[in-house]
Amino acid sequence: MYVAAMTDAPNAAMTDDELLAAACPIIYKAGSSFYFGDSAMARAEQLGLDRFGFYALGRGGVLGDVESAVVSSAFGYFNPSLLAALWNANRVKVSPRVAGAAFMECCGEHGRVKLSGIADLDQFVAAAEKVLAATDGDAFALFAATASEPLADDAPAHAMQLVTILREYRGCAHLVAIRAVGLDSKTAHFFTRPNDGAMFGWTPEDAPIIDDTVREKMARVEGLTDDMVRPAYAVLDADEREVFVRVLRSVEVALAG
């Protein structure tokens, strides 16, 4: 793994796979850290929404005023009936596009509060923008819509928004990989988050059988997901990889605090 490799050879450049192994788990957690943070909760209250309504309408609102089935297909993992209830109850209160823009603004504000003291954010932003420019949005509607929102000018907010966008990039790739191996996202959800079914609208009776076939397919999913996102990250040179991962680790610490 990356940590061991860098410990043994501190001057060695990260391989593509080491870069993904070091960066993507942090991006996955950090990119969603603002969802129910103080800024998002304050904006939800201003808009007359509860926190779950703002999450659904805000994250999905970048797709436009679409039917709930479109949002469900973009999110995956959730029971479609839960998303339909959240989406339909809240789209009559606030325009989805307004909520989507507000959600990304909250993402930026979260960055201003949490990340302002981190060194080398400008270099991180430059590297992340380079990755973003190398992405391929085909079949990744939620990523493409999120990436199309205006981004903040200041580095802490911009950095946080880029992390969230790159989270959606891998998330979309993950959903495509799940379908490519013949699974559905409900099964993948119960495999990866077996204790969170109720949060995503599933009952114990909905739980699929997780057997060796599912485990083998989910291992393939991870490999396919890496295959799809690797070309974008591969554009970083050795110095950019170092600063990208180093700053991400500082982001992880700052968000935990």
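Residues numbered from 1 in each chain as written. Predicted model: local features only at pLDDT ≥ 70, side-chain atom pairs only at ≥ 80, totals over all residues. Heavy atoms only, no water.

J.: Explain helix α6 (residues 80-91) to me, please; I cannot follow it from the model alone.
T.: Within an α-helix, residues lying three or four positions from one another point in the same direction, as the helix has 3.6 residues per turn. If you check α6, its first and last C-alpha atoms are 16 Å apart, about what 12 residues at 1.5 Å a residue would give, namely 16 Å. Along α6, the residues that are buried comprise Leu83, Ala84, Leu86, Trp87 and Asn90. Considering only its buried residues, α6 is in contact with α4 (51-60), α5 (68-75) and α7 (96-115). (Helix = DSSP H or I, 4+ residues; strand = E, 2+ residues; numbered from the N terminus. Expected span 1.5 Å × (residues − 1). Buried < 20%, exposed > 50% of the residue type's maximum accessible area, 1.4 Å probe, protein only. Contact = heavy atoms within 4.5 Å.)

J.: Which parts of the structure should I look at to understand the layout of surface pockets?
T.: Summary: where empty space remains is shown by rolling a probe the size of a single water molecule over the atoms. In this model, the largest pocket occupies a volume close to 1100 Å³. In this structure, the largest pocket is lined by 38 residues; those nearest its centre are Tyr28, Tyr77, Arg167, Arg193 and Phe200. Ranked by residue count, the leading element in the lining of the largest pocket is helix α2 (residues 16-30), at eight residues. Classifying every residue of the lining of the largest pocket gives 21 nonpolar, eight polar and nine charged. The space that makes up the second largest pocket amounts to roughly 270 Å³. Looking at the second largest pocket, it is lined by 19 residues, and the ones nearest its centre are Ser72, Ser73, Gly76, Leu175 and Ser185. Mapped onto the lining of the second largest pocket, the elements with two or more residues apiece are α5, α9 (141-147), α10 (155-180) and α11 (185-192). It is α10 that contributes the most residues to the lining of the second largest pocket, four residues altogether. Looking at the lining of the second largest pocket, its residues break down into 12 nonpolar, four polar and three charged. (1 Å grid on protein atoms, 1.4 Å probe; cavity = no way out; pocket = protein on both sides within 12 Å on 5 of 7 lines; lining within 4 Å. Points joined across faces, edges and corners; volume = space filled by probe spheres on them. Nonpolar A, V, L, I, M, F, W, Y, C, P; charged D, E, K, R; others polar.)

J.: Help me out: how do you make sense of the environment of Gly111 in this one?
T.: Mapping Gly111 onto the fold places it in helix α7. The exposure class of Gly111 is buried, given its relative accessible area of 0%. With 77 residues separating them along the chain, Gly111 and Phe34 place their C-alpha atoms 8.5 Å apart. Setting aside chain neighbours within four positions, we find Gly111 in contact with Ser116, Pro156, Ala157 and Met160.

J.: Quick question: what am I supposed to make of the packing of aromatic side chains here?
T.: We describe a pair of aromatic rings using the distance from one ring centre to the other and the angle between the two ring planes. Tallied over the entire structure, the rule returns 15 aromatic pairs. On the basis of an interplanar angle of 65 degrees and a centroid distance of 6.0 Å, the ring pair of Tyr233 and Phe244 is categorised as edge-to-face. Residue Tyr233 is located in helix α12 (residues 212-233), and its partner Phe244 is located in helix α13 (residues 238-256); the two are separated by 11 residues in the primary sequence. Judged by its relative accessible area of 2%, Tyr233 is buried. (Phe/Tyr/Trp six-rings, centres within 6.5 Å; stacked < 30°, edge-to-face > 60°.)

J.: For this particular structure, what's the right way to read the nonpolar core?
T.: Inside soluble globular proteins, nonpolar side chains tend to come together where they are buried. Ranked by size, the top nonpolar core spans 82 residues in total, and within it Tyr233 and Phe244 carry the most contacts. At 13 residues, the largest contribution of residues to this core is made by α10. (Core = buried A, V, L, I, M, F, W, Y, C linked by side-chain atoms within 4.5 Å.)

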